[in-house]
Structures are given as C-alpha cells and as structure tokens.
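Inside the fold
Residues per chain are reported as follows:
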Amino acid sequence: MNILSLGFNYLKILTFCLFLVSIPAQAQDDLANVVILATGGTIAGSGKSSTASASYEPATVGVDALIEAVPELVELANIRGEQVFQIPSQDYTNERLMQLGRRVSELVKSDDVDGIVVTHGTDTMEETGYFLNLVINTDKPIVMVGAMRPGTAISADGALNLFNGVALAASESSRGKGVLITLNDEIHTSRDASKSINIRTNAFVSPWGTLGMVVERKAYWFRAPVKRHTSGSEFNIDSIDELANVQVVYAHGNMDDSVYREHQRNGAVAIIHAGTGNGSVTSHIKPTVIDISKSGIHVIRSSRVMQGGFVIRNASEQDDENRWVVSHDLNPQKARILAAVALTQPRSVEELQRIFWEY
Ligand code: ASP
C-alpha cells in the first residue's frame, strides 16, 4: 500500500466517523423516528472467540453498542435507544412483560415516535410479541428482533436482523399489521410465529405462512393477519394491573396428576393442557382434569404438536360437557399469554372460548 492510498483510507475513515457523530444530533425530518428498546438475549450476547457461535453469554452488550454496530441504521430512521432489561428471555415473568408493555404503550402515544423495535431473546420472543399484539392499542409498527448467533461470532445474524427490524418499523407499509417478528429476512406476525429449532438462523416458523420478506431495506408483503390485534383488540395494557396466573401442564401417556393438583393449590386461575395431537387428555388423569374445571379453574386444551397443533372442539374430548376451552391453533405458550390477559377479569367458559376463536 503506498503512502497516497494510506492517506486516502484514513481520510475515508475520518469522514465516516464525522458522519456518524453528526447524524444523531440532527434528526432528519424526512425520516421516521424509531425507538429501539433493548432487553437482552443473544442479539446482545458475546462469546470468547469468533467461532463460539453456540457457547456464549446472552445479554451482555448494551443498546448503544448494538446501535453503533450497525451504522447503516441512520439511513433508515432517526434512532433512539433505551435499555429496558438486560436478560435472557427465559426470564420474562408476568411483571417484566407488564413493565415492557407499559413502556411501549407510553412511547406509541408520543407524536415523535413512529415505530418501535424491541430487541429480545429468541426463546420467548413469540410470547412477548403476542402479548404486545394483544394489549398495545396502536397502528404504529412494533417489531421484535433477535439473533441466533452472538454479535462476536463469524456470520452473526443480529446486525442484519436489526437493520431489517428498523426498516420495518420505519415503513408506512407495516402500519396496522400488529406486532411483527423479523429474523432471517422473513416477516412474521407475532401471533403465529414460533421458535421451532434452536440451532439454525431460520429458527422461526409460522404454521400458516410468513407475512412477507425484507430485502435490501424494502418490505415485500404477501398476506396480512386476520385475527384481532393491537388497535382492534378489546384488551388494553393501560387498564391491566396484573396478569393472571396461568400455568401449562405438558401431557404424555405415563403422566400423573400431581402437577395439576400443585397448580390448583398454588392458585392458578387457568391451566393450559399441552395435550397430544388434538390436545387429548390422557385417560387416567381425566377425572382430575374434570374435577379441576369443576373447582372453577379454566382448563384450556392446546396441543404439544410442534408446528401447528390445531385443536378441534368436541372432536375427541367432550368439551361442552366438561366445560373445557380449546386453544384453537395457539400453541401452549401462546395460549398461556392470551389466557393471562383475558383472565385479568372473571370470564365464563363461553366468553373465554370466544376470545380464543377471535385472537
Ligand atoms: N437464551 C437466549 C434468549 O432467549 C436465546 C436467544 O436469544 O436466541 O435470551
């Protein structure tokens, strides 16, 4: 490299740094204002070496560093970052869901916010996304973003996922489509998407198909959600104090009823039965499950089938007679979220079933 090209390279780097420093100070009127709420996960993870793609610590990198790592974001939107939590997503308690939801609700009411990106661990992103989809009454885009590899790994996926997330949050075309999830260039509705494999970058699958793709900052849409969400939802986080205690019981042929009884003792208001196939209830625990619903705890039959359990009412189980609810196509973890929101007030079986059909 000769002295001239060395000098030229330094000049290019200096110009780029000045560009970076100057942009955040002056918001550009023609760009949307997007807030990035960082909460941890692998997208904020770091490993000991560049080859540590699966062994690493999640939730170590702060929101400012996440934003600085993708300088191209300033071409998409005026960006502001906030650190809400720094946690792996298996640690989302009901209280943390509420805390994040309240912050999102405050932000979407602000005139100088056009869209929100939530960076989040992928393990429970489908639950948090679905929760926000139910309780945030807005048409503004809210986009969940994560990563399957930490930022320190070769071919880390977080930077492009964040870029795509901001592109979606800044796009008029995302308005009114509910809370979205983007990874691997795909756009999912948070209602349908589920983490289906934990070792690939295409970790999320929507059983009824993706909504679209993000390619080179442009969203290409193929379908839109038809279930009620966000501004069309009857639920509003501003009138919820505390989410209901809903638990999940995973079924198998040799199960006993002890977990059911324990949740009953601990005050669960509903139990999601993650049953086999069509949400079936193992014959020898049926008397317990019937007794549980007679005691006033809602029993909601869901399916442990991975990619799209679809539970039909009164098909193999006597739902009308036993006063059980079916989760429709919601997997057990999403059924828990809907029940935890819906049962913030008492509901009849009929009313809860209506809610499961509509959301
Ligand atoms: N355990 C991590 C989390 O959910 C996994 C991830 O982010 O992909 O926080």
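Look up a bit, the structure's there.
Remember, it's a predicted structure, so these values are computed and weren't measured experimentally.

**Section: the pattern of salt bridges**
Overall, the coordinates contain 19 salt bridges when judged by the stated rule. For Glu 351, the salt bridge goes to Arg 347, with nearest N and O atoms at 3.4 Å. Residue Glu 351 is classed as partly exposed on the basis of its relative accessible area of 28%. Among the ionic contacts, a cluster of salt bridges with common partners joins Arg 228, Glu 234, Arg 347, Glu 351, Arg 354 and Glu 358.

**Structural notes on a nonpolar patch on the surface**
The grouping of Trp 208, Phe 310 and Ile 312 at the surface amounts to a nonpolar patch, some 310 Å² of accessible area in total. Structurally, the position occupied by Phe 310 is in the loop between strand E13 (298–303) and helix H8 (319–322). By relative accessible area, which is 40% here, Phe 310 ends up partly exposed.

**Structural notes on the side chain of Ser 302**
Secondary-structure assignment places Ser 302 in strand E13. In contact with Ser 302, other than residues within four places in its own chain, are Ile 272, His 273, Ala 274, Gly 275, Gly 279, Val 311, Ser 327, Leu 330, Asn 331 and Pro 332.

**Describing the site of the ligand**
What surrounds the ligand is the set Gly 41, Thr 42, Pro 88, Ser 89, Gln 90, Gly 121, Thr 122, Asp 123, Ala 147 and Lys 195. Contact distances for the ligand include 2.8 Å between an oxygen atom and a backbone N or O atom of Thr 42. Between the ligand and the protein, one listed contact pairs an oxygen atom with a side-chain N or O atom of Thr 122 at 2.4 Å. In isolation the ligand has 270 Å² of accessible area, and contact with the protein removes 91% of it. Counted by class, the shell around the ligand contains two nonpolar, six polar and two charged residues.

**Let's talk about the packing of aromatic side chains**
The tally for this structure, following the rule as stated, stands at three aromatic pairs. Between Trp 208 and Phe 310, the aromatic rings sit 6.1 Å apart at their centres with planes inclined by 85 degrees, giving edge-to-face as the arrangement. Of the two residues, Trp 208 sits in the loop between strand E8 (204–205) and strand E9 (212–215) while Phe 310 sits in the loop between E13 and H8, which places them 102 residues apart along the sequence. For the cation-ring pair, Arg 96 lies above Phe 85, with the distance from its terminal atom to the ring centre recorded as 5.9 Å. Residue placement shows Lys 177 over the ring face of Trp 221; its charged tip is 4.4 Å from the ring centre.

**Examining unusual backbone geometry**
Backbone geometry at Ala 59 places phi at a positive 55 degrees, although glycine is not the residue there. Positive phi is not limited to glycine here, since Glu 216 has a value of about 45 degrees. By the element assignment, Glu 216 lies in the loop between E9 and strand E10 (218–221). Its relative accessible area of 72% is what places Glu 216 among the exposed residues.

Basis of the calculations
Residues numbered from 1 in each chain as written. Predicted model: local features only at pLDDT ≥ 70, side-chain atom pairs only at ≥ 80, totals over all residues. Heavy atoms only, no water. Salt bridge = Lys/Arg side-chain N within 4 Å of Asp/Glu carboxyl O. Buried < 20%, exposed > 50% of the residue type's maximum accessible area, 1.4 Å probe, protein only. Patch = residues over 30% accessible without salt bridge, like charges linked within 9 Å, V, L, I, M, F, W, Y side chains within 5 Å. Areas by Shrake-Rupley, 256 points an atom, 1.4 Å probe, with all protein chains shown as cover. Helix = DSSP H or I, 4+ residues; strand = E, 2+ residues; numbered from the N terminus. Contact = heavy atoms within 4.5 Å. Near = heavy atom within 4 Å. Polar contact = N/O pair within 3.5 Å; in protein donor to acceptor, adjacent residues only side chain to side chain. Nonpolar A, V, L, I, M, F, W, Y, C, P; charged D, E, K, R; others polar. Phe/Tyr/Trp six-rings, centres within 6.5 Å; stacked < 30°, edge-to-face > 60°. Lys NZ or Arg CZ within 6 Å of the ring centre and 35° of its normal.

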